[in-house]
Amino acid sequence: MDLNLMPDNPYVLLTPGPLSTSKSVRAAMFRDWCTWDAEYNDIVQAVRSRLVALATDTPGYTSVLMQGSGTFSVESCITTAVPDDGHLLVLANGHYGERMARIAERAGIQATMLDFGETDAVEPGVVREELANDPTISHVAVVHCETTTGMLNPVEAIGSVVKEAGRIYIVDAMSSFGGIPMDMAGIGADFLVSSANKCIQGVPGFGFILARRSEMETLEGRARSLSLDAYEQWKVMEDKGGKWRFTSPTHVVRAFAQALDELQAEGGVAARHARYSENQRLLVQGLRELGFRTLLPDVLQSPIITSFLYPETGAFEFGEFYSRLKAMGYVIYPGKVTGAATFRIGTIGEFGPQDVPGLLKAVAQALDEMQGEQTVGS
Ligand SMILES: *Cc1c(COP(=O)(O)O)cnc(C)c1O
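Notes on the structure follow.

Thresholds, definitions, all that
- Residues numbered from 1 in each chain as written.
- Predicted model: local features only at pLDDT ≥ 70, side-chain atom pairs only at ≥ 80, totals over all residues.
- Heavy atoms only, no water.
- Near = heavy atom within 4 Å.
- Polar contact = N/O pair within 3.5 Å; in protein donor to acceptor, adjacent residues only side chain to side chain.
- Areas by Shrake-Rupley, 256 points an atom, 1.4 Å probe, with all protein chains shown as cover.
- 1 Å grid on protein atoms, 1.4 Å probe; cavity = no way out; pocket = protein on both sides within 12 Å on 5 of 7 lines; lining within 4 Å.
- Sits in = over half its atoms within 2 Å of the grid points.
- Helix = DSSP H or I, 4+ residues; strand = E, 2+ residues; numbered from the N terminus.
- Nonpolar A, V, L, I, M, F, W, Y, C, P; charged D, E, K, R; others polar.
- Points joined across faces, edges and corners; volume = space filled by probe spheres on them.
- Salt bridge = Lys/Arg side-chain N within 4 Å of Asp/Glu carboxyl O.
- Buried < 20%, exposed > 50% of the residue type's maximum accessible area, 1.4 Å probe, protein only.
- Lys, Arg positive; Asp, Glu negative; His and termini not counted.
- Contact = heavy atoms within 4.5 Å.

Topic: the site of the ligand
Then, number 1: Contacts to the ligand come from S69, G70, T71, Y96, R99, V143, C145, T147, D172, M174, S175 and K198.
Then, number 2: Within the backbone of G70, one N or O atom sits 3.0 Å away from an oxygen atom of the ligand.
Then, number 3: K198 has a polar side-chain atom sitting 2.7 Å from an oxygen atom of the ligand.
Then, number 4: Coverage of the ligand by the protein chains reaches 85% of its 380 Å² of free accessible surface.
Then, number 5: For the ligand, the cavity whose grid points lie within 2 Å of the majority of its atoms is the largest pocket.
Then, number 6: Looking at the shell around the ligand, the elements that each hand over two or more residues are α3 (70-81) and α4 (95-106).
Then, number 7: For the shell around the ligand, a count of residues per class yields four nonpolar, five polar and three charged.

Below is the structure:
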């Protein structure tokens, strides 16, 4: 495949996934694979062990891949990990935390949600108290980077509280795994969930659950769903050398293997984190110079995605702003918080600090045009 002949994307996706991928990742999909053949299954096994290596150096961890978007893997994890007499405590400060509570409720799992509010981080002290007060809580789930706002939760401090209390700890690291250095063992996570199309910069189609092996081994027969049974999926992958129970997203997995190579070539998670952080720093600096304000204070902010408040000039209208930016080659994301009018800009994917000035210029131009139109119209 001559990558020079491959068309460029018409615009950069500044969203929290799917995000812009490299041409070489997309080119990796240009052939078909047999889902039952060793050649393909070896790719699956390599992907699984590389994911474990990214998650921790500590032995005793394993991984399972699951078809579908990231939510399917979160649902698979929760509905397989929590037993019938279990009780899940969800620590929420945004949409993705709330979704975990809804997943549990839908499956008939007892769930309690502690809501910290969209602009405050989860407080480990409050979690400690809740766990002390309610011995029926068996599992605790939290989102690492709450993509609703861009908030980074203190997963390590929460983890030590959860482990001190002897409970099982589930971390939704969907939008941070591969983009923010983390050690699953250090965090104390028994389960950690992410997907192909976020910081590892693959294309959408599957997610994955990283798990402490000894915990995974206990999950037989717990799942409430056949296709989302994480244990059975794991057992087949484990015992049959990389086979999937049902049709596997072969092209997506092959592209993901390429994305893992490219993560390594970039210098690993630390280098990727440095690039995303620089993207985000330059973006915020530039937008602040244009008069925008961020929703979150800098101390709570992840380098993954940033929420900006609408400017207070009457000329701003999100749909208009979005269309103008898209026409100039940048797709941004609407806001999702309840209390404030915001939009979001992701700083992950095939996008680097050298690309930020072009984006800032486009934002300035879109604002100018909107302002100009309003002046002419009024
Ligand atoms: C993207 C994301 C998910 C999964 O979303 P899907 O649309 O199902 O891929 C879950 N949690 C967080 C924090 C996310 O950013």
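Still more ground to cover, so stick around.
Some details on the layout of surface pockets
Then, number 1: Counted as a void, the largest pocket has a volume near 260 Å³.
Then, number 2: Lining the largest pocket are 21 residues, and of these G70, T71, Y96, M174 and K198 sit closest to its centre.
Then, number 3: Contributing elements (two or more residues each) for the lining of the largest pocket: α3 and α4.
Then, number 4: If you tally residues by element for the lining of the largest pocket, the top one is α4, at four residues.
Then, number 5: Each residue belonging to the lining of the largest pocket can be placed in one class, and the counts come to 11 nonpolar, seven polar and three charged.

Notes on the environment of A327
Then, number 1: Its location among the elements puts A327 in helix α12 (residues 318-327).
Then, number 2: Sequence-wise, A327 and T119 are 208 residues apart; in three dimensions their C-alpha atoms are separated by 32 Å.

Observations regarding the pattern of salt bridges
Then, number 1: Counted under the stated rule, the structure contains 19 salt bridges.
Then, number 2: R224 is the salt-bridge partner of D84, the closest N and O atoms lying 3.2 Å from each other. Here the residue D84 occupies a position in the loop between α3 and β3 (87-92), and R224 occupies one in the loop between α8 (213-216) and α9 (230-239), the gap between them amounting to 140 residues.
Then, number 3: Assessed through its relative accessible area of 71%, D84 is described here as exposed.
Then, number 4: Between E312 and R293 there is a salt bridge; the shortest N-O distance is 3.3 Å. Within this pair, whereas E312 is found in the loop between β11 (305-309) and α12, its partner R293 is found in the loop between α11 (268-289) and β11, the two being separated by 19 residues in sequence.
Then, number 5: Accessibility expressed as a relative area gives 74% for E312, which makes it exposed.
Then, number 6: Within this structure, K163, D190, R212 and E215 form a network of salt bridges that share partners.

A look at the side chain of D172
Then, number 1: Looking at the secondary structure, you find D172 in strand β8 (residues 168-172).
Then, number 2: No salt bridge is formed by the buried D172; its nearest oppositely charged neighbour, K198, is found at 7.1 Å.
Then, number 3: Not counting residues up to four positions away in its chain, the partners in contact with D172 are V74, Y96, M100, V142, V143, H144 and V193.

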